[in-house]
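# A structural walkthrough
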Amino acid sequence: MTERELHELLNKIEPADAGAMDAAKKRQAELAKPPGSLGALEDYAVRLAGITGKLCPEIEKCRVIVLAADNGVVCEGVSCTPQSVTAQQCINMTRHKTGMSALAGYFGDEIAVVDVGVAAELPTPVLNRKIRLGTADLLREPAMTREEALRAIETGLELARQAAREGVSCVGVGEMGIGNTTTSTLVLSCLTGLSPDELTGRGGGLTDEGFRRKKEVIRRALELQRPDGSDVIGVLSKVGGLDLAAMCGVFLGCAEQKIPAVVDGFISITAALCAVRLCPQAKDFMFLSHASFEIGYRKAAQELGLEPCLQLGMRLGEGSGCPIMFRILQAACAAHGNMATFSEAAINDNYLTPIRKGNAYEVKS
């Protein structure tokens, strides 16, 4: 895929259906309950109506797509975890033995673990979409070429299209890659203009010395690579990761295919922000699951203008918030589609007129 082809595709992506959302809001006003009494579930139902174009949407078949890749910057001592863990955890995910996959397996959600840049050869059922054996060390050269970043984005697009063809009604976007909190911090710093000190967290856990080293590596990489924050593909290629670029592609593909996309934690929301910078309409199709413990997460959420649903203190990654959020979205659909209206419940709703006029509660758009 060339940059021109990508931008032509992005220009064709439409925002959520405003008419369907208006109809869903009208239905919410007719349901036998006080206005706004189901809180965010009402907002989610309205947004899902806009995504699907259906008055009463349903979330049935759910899939967590995990983009896996290694990061050359690990050799600079930014992580306490050995790089070999990336490959092993990919395999463990397919066996439902990691945090995310244990949750997904319990709830019956599908998992697609996709190797876009792991520095080892992995067995099936890990999907082989490898672009290269990990990225380069950012203190020596750019992470990858622009062409490789575009290939990763295209890979993500195709994974979303495949999900649509296979009847998936909601996609969660996760990752696996030791060192990717460093690359995500670099990308987020470029996109927001915020300093590394404002965004850098301890990732999977670092000593004070390791944390100091991580921040120093991030500062040096920015000085050396000099990415332009207005050039998303350039940022991804210079200081990002293959996982981030492919995740960005999945978010764009979900918008293209009109599939709701669940954002996981810090790495996932950084990729989501990349997608929105490339295509603002992509935001309409995103739902934030949990508020990651990583400090950069809050800054990214503010940039997106979206609120996370769950406050669980999680920082595992992998897509671990997605199976939980799938259940919340299913709950929103169940209430919206199955509750009785005031007429069906044989209740005169005139008593609500003062509340409605006062707009005490209002479903968000």
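Read on for a plain summary of the structure. Since the structure is predicted, the reported quantities are computational estimates derived from the model, not experimental observations.

## Section: the overall build of the chain
Counting secondary structure elements, the chain contains 15 helices and 6 strands. The C-alpha atoms of the chain give a radius of gyration of 21 Å, which matches the 21 Å a tight globule of 365 residues would have. Its C-alpha atoms put the chain at 70 × 40 × 40 Å along the principal axes. Among the 365 residues that make up the chain, the fraction classed as buried is 56%. Considering only residue pairs separated by 6 or more positions, the chain has 75% of its internal contacts joining residues 24 or more positions apart. Approximately 15,000 Å² of the chain is accessible, and the part contributed by carbon and sulfur atoms is 49%. Averaging the coordinates of the 39 positive side-chain charges in the chain and doing the same for the 44 negative ones gives two points 2 Å apart.

## Concerning the nonpolar core
Counting 109 residues, the largest nonpolar core has Leu67, Val171, Phe251, Leu252, Met286 and Leu329 as the members making the most contacts within it. If we skip the residues at most four places from it in the chain, Met286 touches Arg47, Phe251, Ala261, Val263, Ala272, Ala275, Val276 and Leu306. By size, the runner-up hydrophobic cluster in this structure holds 5 residues, among which are Ala16, Met21, Ala24 and Ala49.

## Notes on the packing of aromatic side chains
What the rule picks out here adds up to 2 aromatic pairs. Ring geometry for Tyr44 versus Phe287: centroids 5.7 Å apart, planes at 80°, classification edge-to-face. Highlighted residues: Tyr44 in helix 3 (residues 40-52) and Phe287 in strand 6 (residues 286-288), separated in sequence by 243 residues. A ring pair is formed by Tyr106 and Phe107, whose centres lie 5.2 Å apart and whose planes are at 80°; its orientation type is edge-to-face. Above the ring of Phe287, the side-chain terminus of Arg47 is found at 4.2 Å from the ring centroid. Its guanidinium or amino end placed over the ring of Phe293, Arg315 lies 5.0 Å from that ring's centre, counting from NZ or CZ.

## Topic: the pairing of strand 4 (residues 170-176)
In terms of burial, strand 4 is largely enclosed, as 7 of its 7 residues are buried. Residues Cys170, Gly172, Gly174 and Met176 point to one face of strand 4 and Val171, Val173 and Glu175 to the other, with burial holding for every one of them. Direction of pairing for strand 1 (residues 62-69) relative to strand 4: parallel, over a ladder of 7 bridges. Bridge pairing links Val66 to Gly174 in strand 4. Strand direction decides the pairing type here: strand 4 and strand 5 (residues 261-263), joined by 3 bridges, are parallel. Looking across to strand 5, one finds that Gly172 is bridged to Val262.

## Notes on unusual backbone geometry
The linkage connecting Thr124 with the following residue, Pro125, adopts the cis geometry, with an omega of 15°. Relative to the helices and strands, Pro125 is located in the loop between strand 2 (110-117) and strand 3 (127-128). Despite not being glycine, Arg226 has its phi angle at roughly 45°, a positive value. Phi angles above zero are rare outside glycine, and Lys258 is one such case at about 60°. In this structure Lys258 comes out as partly exposed when scored by relative accessible area, which is 35%.

About the cut-offs
Residues numbered from 1 in each chain as written. Predicted model: local features only at pLDDT ≥ 70, side-chain atom pairs only at ≥ 80, totals over all residues. Heavy atoms only, no water. Helix = DSSP H or I, 4+ residues; strand = E, 2+ residues; numbered from the N terminus. Rg over C-alpha atoms; globule rule 2.2 N^0.38 Å. Buried < 20%, exposed > 50% of the residue type's maximum accessible area, 1.4 Å probe, protein only. Contact = heavy atoms within 4.5 Å. Areas by Shrake-Rupley, 256 points an atom, 1.4 Å probe, with all protein chains shown as cover. Lys, Arg positive; Asp, Glu negative; His and termini not counted. Charge placed at Lys NZ, Arg CZ, Asp CG, Glu CD. Core = buried A, V, L, I, M, F, W, Y, C linked by side-chain atoms within 4.5 Å. Phe/Tyr/Trp six-rings, centres within 6.5 Å; stacked < 30°, edge-to-face > 60°. Lys NZ or Arg CZ within 6 Å of the ring centre and 35° of its normal. Pairing = 2+ DSSP bridges.

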